[in-house]
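# Fold and geometry: a report
Below are the chains, spelled out letter by letter.
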Amino acid sequence: NYYNLLDDDVKVWQANLAKKYGVFGFCYYHYWFKDGKQLLEKPAEQMLNNQNVDLPFCFCWANENWSRNWDGGNQEIIMEQNYGNQQDWELHFQYLLKFFKDDRYITVDGKPLFVIYKPDLIADLYQMVNYFKSRAKQEGFPGVCFAFQFPTYFSDIFYRDDIFDYMIEFEPVFSRSNVQRSQSKKVEVMRKIFGENFISQYRKCKGIKGYNYNKPRYLSMFFYEEAWDNILNQQWNKKIIPGTFIDWDNTPRNKHGAMYTGFTIEKFEKNMSLLIKKSRENNKNMIFINAWNEWGEGAYLEPDEKYGYKKLEAIKKALEENESYE
């Protein structure tokens, strides 16, 4: 089913398909730059004006430079990100407000849920977040529920109650990063014992690149079941929103990318059921799945020629097994 997202019938089809198989809502990437410049905004704006697209939604601000590079790096910048000042924040808030006021927009305790992809890139993060919260209260909301998805480093500032309410596990990157950080500590111990030459050989064999995980120099292969073991064994604090993925292969858009081997529908369904069960036991009422239609990274629930509707059926079955399907 090749489609054009500017066609409203396609968006209606997607919403109906998601609801049929138990997907609660969509989190749309939102591309906003200084002076109100935007990219890929038309489908969301059309959806706002078409109540037939009957599915809850929220935004995740992909707050990076727009560049000719798969992961938001700075090679050949096409649209530079600049967070501006209070005047720019007000312009951004005014744009978001019409979405926040829509009955379909996802809220937590009455607060619109707004996700920031990489908050560590924002110099005036504290001031900007609190400006949005203050403006939301002026507009009749209790505030804004802020979550972050993928900081490049893990600082306690992101867990401060006066900044973010939640952190979303962006999988499979999040659990893989936890393993790499653990390996990195191991490397530092071995450096002291065995010296630099041993470390370089160890890294070459194990695919460990010290603390600089953003610049791999080769393709990486990971095991699907091992990734799920990491996801299911995560320790959650009260701020964590669990995340997971269907499958992953971003090598079509990144010559130094990563892929996972071992995916099957049966494994996906079994692990989803376990994650839903664990989430319910820990009073977690949201799980973020990567993704609905991330075709360029092999992470999608939408039907294809290979699996048909089986990925979506696996979601529905996992929910039914936990009496969570409505």
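Right above here is the structure, for reference.
Read on for an overview of the structure. Small disclaimer: the values here were computed from a predicted structure and weren't measured. (Residues numbered from 1 in each chain as written. Predicted model: local features only at pLDDT ≥ 70, side-chain atom pairs only at ≥ 80, totals over all residues. Heavy atoms only, no water.)

As a rule of thumb, soluble globular proteins bury nonpolar side chains together. F114, I116, W228 and F268 are the most contacted members of the largest nonpolar core, which totals 84 residues. Among the elements that make up this core, the one with the highest residue count is helix 3 (residues 86–100) (7 residues). Once residues within four sequence positions are removed from consideration, F114 is found in contact with H30, F59, W61, H92, L96, F100, Y105, V144, C145, F146 and A147. (Core = buried A, V, L, I, M, F, W, Y, C linked by side-chain atoms within 4.5 Å. Buried < 20%, exposed > 50% of the residue type's maximum accessible area, 1.4 Å probe, protein only. Helix = DSSP H or I, 4+ residues; strand = E, 2+ residues; numbered from the N terminus. Contact = heavy atoms within 4.5 Å.)

For the coordinates displayed, the defined rule picks out 1 cavity of 30 Å³ or more. Of the volumes computed, that of the largest cavity is approximately 80 Å³. Residue contributions to the lining of the largest cavity peak at 3 residues, all from helix 3. (1 Å grid on protein atoms, 1.4 Å probe; cavity = no way out; pocket = protein on both sides within 12 Å on 5 of 7 lines; lining within 4 Å. Points joined across faces, edges and corners; volume = space filled by probe spheres on them.)

On to the pattern of salt bridges, then. Inspection of every chain in the model, using the stated rule, returns 9 salt bridges. Note that K19 and D54 form a salt bridge whose closest N and O atoms lie 3.2 Å from each other. Here K19 is found in helix 1 (residues 8–20), whereas its partner D54 is found in the loop between helix 2 (42–48) and strand 3 (57–61), with 35 residues between them in sequence. A relative accessible area of 34% places K19 in the partly exposed class. Here D102 ties to R104 by a salt bridge, and the two come within 2.8 Å at their closest N and O atoms. This pair shows no difference in class: D102 is buried, exactly as R104 is. Within this structure, E90, K101, R135 and E139 form a network of salt bridges that share partners. (Salt bridge = Lys/Arg side-chain N within 4 Å of Asp/Glu carboxyl O.)

What follows is about the pairing of strand 7 (residues 111–116). Counting buried positions over the 6 residues of strand 7 gives 5, a clear majority of the element. As defined by bridge partners, strand 3 adjoins strand 7 across 3 bridges and the pair is classed as parallel. Note on strand 7: the bridge partner recorded for C60 is V115. Direction of pairing for strand 6 (residues 107–108) relative to strand 7: antiparallel, over a ladder of 2 bridges. Note that in strand 7 the partner of T107 across the bridge is P112. As judged from the 4 bridges shared by strand 7 and strand 8 (residues 145–148), these two strands associate in the parallel manner. Across the sheet, the residue bridging to V115 is A147, located in strand 8. Of the crossover connections in this fold, the one passing from strand 7 over helix 4 (residues 125–138) to the parallel strand 8 is right-handed. (Pairing = 2+ DSSP bridges. Right-handed = clockwise from strand over helix to strand, strands pointing away.)

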